[in-house]
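Working through the structure, step by step
In case you want the letters, here they are:
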Amino acid sequence: MTDIARVKMSILIPVFNWDLSLLLRSLAAEIDEFQLSDNVEVVVMDDHSTDATLRSRNEALLAGLAKPYLKQSTLERNVGRAAIRNLLAAEASGEFLLFLDCDVLPDGPGFVRSYLSYAGPGEFDVVSGGISYRTRVLGGREFDYHAYLGGRKEVKAAAVRNREPWRHILTSNIMVRKSVFQATPFDERFTGYGYEDIEWGARLAEKFKILHIDNTASHLGLVSKARTHEKMVNSVSNYLLLKSLRPAAFHASSISKLAALLESVPDPLLAGMDRLLKNLFLSSGSNRLAFLFFQLDFALLLARTLRERQRDLPAPNPAQGGKP
């Protein structure tokens with residue numbers, strides 16, 4: 001850890017269809033109370049939100065706060081989760097970059113100061129605070145499964161995350177040295193939902209030192225069960241991109257092993273199983289059972305997509321020794 005007075009950190013927040021008031025007021029309160037404005041800038045970039053009301057509300061919030069360390073811009077088209085973070089980093093003036101998703105809220109009163117204490121010419125290049133579901137603003141039962149899923153897959157103590165640091169990288173709450181980020185930006189081939197963080201973490205771990213700490217932020221942006229399933233379906237292509245780029249990271253998961261087994265199942269049976277598992281997932285009153293159906297369906301969709309892509313490969317050319 002180092003002297004906070006010598007550190008400059010840029011807090012980078014990509015936004016898409018979310019009210020920023022809780023997050024920005026929380027950050028501003030700590031920055032102002034502890035006079036951190038010389039150490040911190042907050043850069044907000046809207047990824048062409050489709051909800052005009054929310055976008056206007058966020059613009060009014062920023063204007064009302066009127067803090068010199070707050071900066072805001074809006075993109076003319078949606079560029080996606082990986083590309084917008086690269087754009088934010090290019091705008092940053094700090095030696096360290098703290099990426100926060102727009103739908104998180106710091107859990108502790110010393111959130112910004114904790115990150116600043118690990119910045120500077122310290123031992124670590126990447127410091128990850130972790131995610132929780134301690135605070136909820138969406139309390140309906142339709143959001144319970146998403147909170148359960150996050151608790152199962154994302155909520156880990158720092159001691160656990162530090163056993164395999166690359167596997168627990170989440171871009172929703174993470175600080176990285178700017179020079180390290182410039183050498184290791186996000187891969188913009190990840191254009192849909194998910195897995196750009198795991199691929200990024202695998203690359204970071206090859207050259208740089210990663211530390212996980214307990215400085216969590218609550219994930220507020222819960223979605224319904226049906227939307228959770230839809231996002232899972234949309235993530236298949238990114239998961240298979242992860243497979244092609246980082247096969248070791250892909251094969252480290254139990255899902256990949258199950259998908260390999262399912263590839264031998266006939267297509268009509270896989271299609272029927274997909275419909276059944278989706279219905280069981282959506283209708284289950286038990287989050288524990290729903291999680292099982294969810295994981296099985298994801299593995300099944302991976303298997304179907306892998307098989308489809310294999311079929312689309314060109315046939316071997318005998319004149320080239322059997323190579324396609």
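Residues numbered from 1 in each chain as written. Predicted model: local features only at pLDDT ≥ 70, side-chain atom pairs only at ≥ 80, totals over all residues. Heavy atoms only, no water.

Here we come to the pairing of strand β3 (residues 70-74). As judged from the 5 bridges shared by strand β2 (residues 40-46) and β3, these two strands associate in the parallel manner. Paired with V44 across the two strands is Q72, which belongs to β3. Of the crossover connections in this fold, the one passing from β2 over helix α2 (residues 52-65) to the parallel β3 is right-handed. (Pairing = 2+ DSSP bridges. Helix = DSSP H or I, 4+ residues; strand = E, 2+ residues; numbered from the N terminus. Right-handed = clockwise from strand over helix to strand, strands pointing away.)

Turning to its location among the elements, K178 is positioned in helix α7 (residues 178-183). Despite its burial, K178 pairs with no opposite charge, the nearest such side chain being E41 at 7.1 Å. In contact with K178, other than residues within four places in its own chain, are A89, A92, S93, G94, E95, F96 and L97. (Buried < 20%, exposed > 50% of the residue type's maximum accessible area, 1.4 Å probe, protein only. Lys, Arg positive; Asp, Glu negative; His and termini not counted. Salt bridge = Lys/Arg side-chain N within 4 Å of Asp/Glu carboxyl O. Contact = heavy atoms within 4.5 Å.)

Our next topic: the nonpolar core. M9, I11, I13, L24 and V42 are the most contacted members of the largest nonpolar core, which totals 44 residues. Among the secondary structure elements, those contributing two or more residues to this core are β1 (9-15), α1 (21-33), β2, α2, β4 (96-100), β5 (104-106) and α4 (111-118). Ranked by residues supplied to this core, first place goes to α1 with 5 residues. Excluding anything up to four places from it in sequence, L24 contacts I13, V42, V44, L61, L62, L65 and L70. Membership of the second largest hydrophobic core comes to 31 residues, among which are L149, L242, F294 and L306. (Core = buried A, V, L, I, M, F, W, Y, C linked by side-chain atoms within 4.5 Å.)

Right, let's talk about the side chain of Q295 for a bit. Turning to its location among the elements, Q295 is positioned in helix α14 (residues 287-312). Classification of Q295 as buried rests on a relative accessible area of 16%. The residues touching Q295, leaving out its near neighbours within four places in the chain, are K153 and I255.

A few words now on the environment of P165. Its place among the elements puts P165 in the loop between α6 (158-161) and β8 (173-177). Accessibility expressed as a relative area gives 22% for P165, which makes it partly exposed. P165 sits 64 residues away from H229 along the chain, and the two C-alpha atoms are 27 Å apart. The contacts of P165, once residues within four sequence positions are left out, are I210 and H212.

Moving on, we come to the packing of helix α9 (residues 225-234) against helix α13 (residues 267-283). It is at 9 Å that the axes of α9 and α13 come closest, and there the two elements cross at 145°. Here α9 runs over α13; the crossing is right-handed. Across from K225, A226 and H229 in α9, the residues of α13 making contact are K278, F281 and L282. Grouping the constituent residues of the contact of α9 with α13 by class yields 3 nonpolar, 1 polar and 2 charged. (Axes fitted to C-alpha atoms, helices over the stretch in contact; angles between N-to-C directions. Left-handed = near helix turned anticlockwise from the far one by under 90°. Nonpolar A, V, L, I, M, F, W, Y, C, P; charged D, E, K, R; others polar.)

Moving on to the packing of aromatic side chains. Across all of its chains, the model carries 14 aromatic pairs by this definition. When the centroid spacing of 5.4 Å and the interplanar angle of 85° are considered together, the rings of F111 and Y115 count as edge-to-face. Here F111 pairs with Y115, and both are found in helix α4, just 4 residues apart, close to one helical turn. With relative accessibility at 1%, the residue F111 sits in the buried group. Take Y115: its relative accessible area is 0%, and that puts it in the buried class. Centroid distance F186 to W200: 4.4 Å. Interplanar angle 35°. Geometry classified as tilted. One end of the pair, F186, is in the loop between α7 and α8 (196-207); the other, W200, is in helix α8, with 14 residues separating them in the sequence. Judged by its relative accessible area of 0%, W200 falls in the buried class. Through successive ring pairs, a cluster of aromatic residues spans Y145, Y148, F281, F291 and F294. Here the basic side chain of R113 rests over the ring of F34, its NZ or CZ set 3.5 Å away from the ring centre. When the ring centre of F250 is taken as origin, the NZ or CZ atom of K243, which lies over that ring, is 5.9 Å away. (Phe/Tyr/Trp six-rings, centres within 6.5 Å; stacked < 30°, edge-to-face > 60°. Lys NZ or Arg CZ within 6 Å of the ring centre and 35° of its normal.)

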